[in-house]
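# A look at the structure
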Amino acid sequence: MAKSLLIISRQSPWSGPGAREALDIVLAGGAFDLPVGLLFLDDGVLQLAAGQNARALQQKDLSANLQALPMFGVEELFYCADSAALRGLGDLSLDEAQPLAADRITALIDRYDQVITL
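Residues numbered from 1 in each chain as written. Predicted model: local features only at pLDDT ≥ 70, side-chain atom pairs only at ≥ 80, totals over all residues. Heavy atoms only, no water.

## Comments concerning the side chain of Q47
On the secondary structure map, Q47 appears in the loop between β2 (36-40) and α2 (63-68). Among the polar contacts made by the side chain of Q47, one reaches the side chain of S9 at a distance of 2.6 Å. A distance of 3.0 Å separates the side chain of Q47 from the backbone oxygen of Q11, its partner in a polar contact. (Helix = DSSP H or I, 4+ residues; strand = E, 2+ residues; numbered from the N terminus. Polar contact = N/O pair within 3.5 Å; in protein donor to acceptor, adjacent residues only side chain to side chain.)

## Remarks on the pairing of strand β3 (residues 76-80)
Burial within β3 is extensive, with four of its five residues counted as buried. Relative to β3, β2 runs parallel, the two being bridged by four bridges. Residue G37 lies in a different strand from β3, and its bridge partner there is E76. Across three bridges, the pairing between β3 and strand β4 (residues 98-100) is parallel. Residue pairing in the sheet places C80 in a bridge with L100 of β4. (Buried < 20%, exposed > 50% of the residue type's maximum accessible area, 1.4 Å probe, protein only. Pairing = 2+ DSSP bridges.)

## Side note on the nonpolar core
Nonpolar side chains tend to gather and get buried jointly when the protein is soluble and globular. Among the nonpolar cores identified, the biggest contains 25 residues, and L38, F40, L69, Y79 and L94 are the most heavily contacted of them. Per element, the largest residue contribution to this core is five residues, and it comes from helix α1 (residues 18-31). Once residues within four sequence positions are removed from consideration, Y79 is found in contact with L39, F40, V45, L48, A84, L92, A97, Q98, P99 and L100. Counting residues in hydrophobic clusters, the runner-up holds 10 residues, among them I8, C80, I105 and L108. (Core = buried A, V, L, I, M, F, W, Y, C linked by side-chain atoms within 4.5 Å. Contact = heavy atoms within 4.5 Å.)

Here you go:
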């Protein structure tokens, strides 16, 4: 049986390659039917902000990758509700992502065999 994997994405979408790399790992795991989950934490929740304009920064838009996650069988999607509230996020672009209070994150991490933080 394959070991489960949780990716914790902590970088904002445009601060470096971490956000894209986290999505690439999750999509690859989903493509190979691995039990994989994704948690958006700290500035990582900014990836879920609706209405981002990647062209203004001459970057590739991550929203298509986010929307593709359920199609790749990635259904374990979470975000830290406290991080989102702290950053004033109300309208999120990924309806499938489940909010988690900060005090529930440790329990989520404990459910997975391996954890990668980017």
